[in-house]
Amino acid sequence: MSRRPQLDALEPGVPPAAQTLPGEHDVCNEHLPSRLVHQMNIRAATAADAMELTALAHRAKASWGYPADWIAAWRNDLTMTADYLTSRRAFVAEHGGRPAGVVVFEEHPDHWSVEHLWIDPDLQRRGIGRLLVRHGLAAATRDRAARVHVLSDPHAEPFYLRMGAVRIGAEPAPMPGAPERVLPVLEFRLEA
Ligand SMILES: CC(C)(COP(=O)(O)OP(=O)(O)OC[C@H]1O[C@@H](n2cnc3c(N)ncnc32)[C@H](O)[C@@H]1OP(=O)(O)O)[C@@H](O)C(=O)NCCC(=O)NCCS
């Protein structure tokens, strides 16, 4: 299947990066290898997902090879409680009935933000991150948000840039043994 956007299928006034094309919105197999061609569903996260998604977040963060003491220090940041998930725009991508990835967007008065994006290490680089980000950007666009901010893991910056974000700054984020560590601040610009 072609991976190029079907321009006649795009919604007028919504930037292509924020749109899901037919076959991507709730179901996607376009970017999956043939052995995973059965469908990828996107659904809202529920309270019952909290423990499994928190474990997934820890596995995904660890996939960059961070030291165990850094992962332990980020425990709160990697935890998604039932209340947290159900009070935000949280979407789960399911493969074979199991969560393969999760994204959580937060709404702010003048922008949205990506607070969590975690893909199971076994399923990374197969289009699931793209699918979840597009799903959330489409929701932000429908909500008339003009911008979506991301405080990105440094390793994830190339992914967000590929998705159409631009870098607008950096925040210090020192860790033991890495006093100069910074996090890229990125922004998706959506059309009103
Ligand atoms: C970063 C992450 C969310 C990307 O999701 P993914 O499902 O692996 O990415 P996708 O397969 O959807 O990639 C979409 C595009 O980005 C590119 N891309 C993805 N990860 C990349 C990386 N680390 N470096 C460069 N390009 C990358 C892909 O090659 C693809 O490009 P294409 O359009 O040419 O095909 C995922 O790897 C992850 O969960 N990483 C660990 C946790 C993390 O850091 N999360 C982000 C916190 S801010």
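Scroll up a little and you will see the structure.
All residue numbers refer to positions counted from 1 along the written sequence of the respective chain. Local features in this predicted model are restricted to residues of pLDDT 70 or higher, and side-chain atom pairs are both shown and tallied only at a pLDDT of 80 or more, whereas totals for entire chains, interfaces and linings draw on every residue.

Participant: Tell me about helix H4 (residues 128-142), and please be specific about residues and values.
Facilitator: Per the convention used, a helix needs a DSSP run of H or I reaching at least four residues, while a strand needs a run of E reaching at least two, with both numbered from the N terminus. Each helix should span, by expectation, one fewer than its residue count multiplied by 1.5 Å. Compared with an ideal rise of 1.5 Å per residue, which puts 15 residues at 21 Å, H4 spans 21 Å between its outermost C-alpha atoms and is within 8% of the ideal. Exposure classes come from backbone-placed C-beta atoms, where a residue is buried if 20 or more other C-beta atoms lie within 10 Å of its own, exposed if 12 or fewer do, and partly exposed in between. Here H4 has its buried residues at Ile-128, Gly-129, Leu-131, Leu-132, Val-133, Arg-134, His-135, Gly-136, Leu-137, Ala-138, Ala-140 and Thr-141. Of the residues flanking the end of H4, it is Arg-144, one or two places downstream, whose phi is positive at about 65°.

Participant: Summarise the site of the ligand; cite the residues concerned and give the values.
Facilitator: Of all residues adjacent to the ligand, which total 20 residues, the nearest are Ile-119, Gln-124, Gly-129, Arg-130 and Pro-158. If you list the elements that add at least two residues to the shell around the ligand, you get helix H1 (50-62), strand S5 (112-119), H4 and helix H5 (157-162). Split into classes, the residues belonging to the shell around the ligand amount to 8 nonpolar, 6 polar and 6 charged. Here, nearness is defined through the C-beta atom: a residue counts as near a molecule or strand if that backbone-placed atom lies within 6 Å of it. Residue type decides the class: Asp, Glu, Lys and Arg count as charged, Ala, Val, Leu, Ile, Met, Phe, Trp, Tyr, Cys and Pro as nonpolar, and the leftover types, Gly among them, as polar.

Participant: Explain the pairing of strand S8 (residues 182-189) to me, and be specific about the residues and the numbers.
Facilitator: For two strands to count as paired, DSSP must find a minimum of two bridges between them. Where strand S6 (residues 147-151) and S8 come together, 5 bridges link them in antiparallel fashion. Looking at the pairing, His-149 lines up with Glu-187 of S8. As paired elements, strand S7 (residues 166-172) and S8 share 6 bridges and run antiparallel to each other. The residue of S8 that forms the bridge with Pro-172 is Val-182.

The values are spatial; any link to function lies outside them.
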